[in-house]
Amino acid sequence: MSAIADPVAKALAPSGPFCLDDADAYRRWRERKLRDYPRAVDELVVEVRDPRNLSRGEQTALSERCRRANMAVYALISPTDDKKIPRLLGRRFGLEQLDANWLADDDGISSIEVNGGQPRSEFIPYTDRPISWHTDGYYNALERRVRSLILHCVRPAFEGGENALLDHEIAYLLLRDQNPEHVRALCAPDVMTIPARCDERGVARAEQAGAVFSVDPLSGRLHMRYTARTRSICWRTDAATRAAVACLESILSNSPFVLRTRLAPGMGLLCANVLHNRSGFVDAPQAPRLMYRARYHDELQFC
Ligand SMILES: [Fe+2]
């Protein structure tokens, strides 16, 4: 298809691997991506001795994982519940601007636990129920998109609470390999609409329409906005969108590229808001699961 006849792809990216017209760039990027992508989550793990003073070697090792898979897992040799740690680590990767949503703590970082009290307990992250595949902040306005995420484990659940992870670039690649029209459908600027959230005072968050895939015009990086939830979401109803969404669901349920981890105390996920889910869990009453979650508007910077 000619560049001129392809307004959606041009709106997405004028050239490069995420442009449907640029087959050469895509082929080169695809080869490298498949060659480098980790086959097991262990390949993502980097031991960190002092998170307040990351060594050059540790930073390089974390960057290398992020370059390969848009994510890395740090494992502190001495686990800590110090809430400043994810903030300090994030800064080493260019992460400053927190997306302090209304459920976050005063420091802009969320303490994800079951006993979060009202109104948090009405929202699924603050329960022990499974959370389906998503990227964080899929309901945010475009100018407040969540580009990066840190999830720091203070205490795991007694049982369950695993995360499945999939680099959103791999999801893009698998969709495009199946059928480039799937990508085209998911790039439409109104493909996925999240209805407004209302409370007793009226509209708390406005309706938000947007694309699943978009490319940052400055950095050229791919961004993904997605939720597998079936309530409170409206997909475009055309056949191309339905086929693309079904293909993505199939990838998420079957792909050998999905990595699984259960973060232990002092471990944390540092990522470019990759696709993830969470299994349900059972807490030990005296030591309930506790994760610190920091969401950022900045892109992850690798050294
Ligand atoms: Fe999440």
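Residues numbered from 1 in each chain as written. Predicted model: local features only at pLDDT ≥ 70, side-chain atom pairs only at ≥ 80, totals over all residues. Heavy atoms only, no water.

Draft legend 1. The overall build of the protein chain, seen in detail. For the protein chain, the count of helices and strands is seven helices and 19 strands. For 303 residues, the compact-globule estimate of 2.2 N^0.38 gives 19 Å, and the C-alpha radius of gyration of the protein chain, at 19 Å, lies within 12% of that figure. Principal-axis analysis of the C-alpha atoms gives the protein chain an extent of 60 × 50 × 35 Å. Burial analysis of the protein chain (303 residues in total) assigns 54% to the buried set. Taking as baseline every contact in the protein chain between residues at least 6 positions apart, the subset at least 24 positions apart corresponds to 77%. For the protein chain, the accessible surface area stands at approximately 14,100 Å², while carbon and sulfur atoms represent 51% of it. (Helix = DSSP H or I, 4+ residues; strand = E, 2+ residues; numbered from the N terminus. Rg over C-alpha atoms; globule rule 2.2 N^0.38 Å. Buried < 20%, exposed > 50% of the residue type's maximum accessible area, 1.4 Å probe, protein only. Contact = heavy atoms within 4.5 Å. Areas by Shrake-Rupley, 256 points an atom, 1.4 Å probe, with all protein chains shown as cover.)

Draft legend 2. Expanded view of the packing of aromatic side chains. Inspection of the entire model under this criterion finds nine aromatic pairs. Between Phe-18 and Trp-29, the aromatic rings sit 5.1 Å apart at their centres with planes inclined by 75 degrees, giving edge-to-face as the arrangement. Placement of Phe-18 in the loop between helix H1 (7-12) and helix H2 (23-36) and of Trp-29 in helix H2 is noted, with a sequence separation of eleven residues between them. The buried category is assigned to Phe-18, whose relative accessible area is 5%. (Phe/Tyr/Trp six-rings, centres within 6.5 Å; stacked < 30°, edge-to-face > 60°.)

Draft legend 3. The coordination of the iron ion, seen in detail. Those protein atoms acting as donors to the iron ion are His-134 (NE2), Asp-136 (OD) and His-276 (NE2), and they sit at 2.1 to 2.2 Å. Each donor residue of the iron ion lies on one chain, and together they are spaced H-x1-D-x139-H. Of this pair, His-134 sits in strand S4 (residues 131-134) while His-276 is found in strand S17 (residues 275-278), placing the two residues 142 residues apart along the sequence. Pair check on accessibility: His-134 and His-276 agree, each one buried. (Donors = N, O, S within 2.8 Å, 3.2 Å for Na, K, Ca; no water.)

Draft legend 4. Spatial organisation of unusual backbone geometry. A positive phi angle is found at Ser-232, which is not glycine, with a value near 55 degrees. The residue Ser-232 is located in the loop between strand S13 (222-224) and strand S14 (234-235) in this model. With a phi angle near 50 degrees, Asn-273 is a residue other than glycine that sits in the positive phi range. With respect to the helices and strands, Asn-273 occurs in the loop between strand S16 (267-271) and S17.

Draft legend 5. A look at the sheet that holds strand S11 (residues 208-210). Taken together, three strands build an open sheet; the order of strands is S11-S8-S14 and the sheet is antiparallel. Strands with a single pairing partner mark the edges of an open sheet, and in this sheet they are S11 and S14. (Pairing = 2+ DSSP bridges.)

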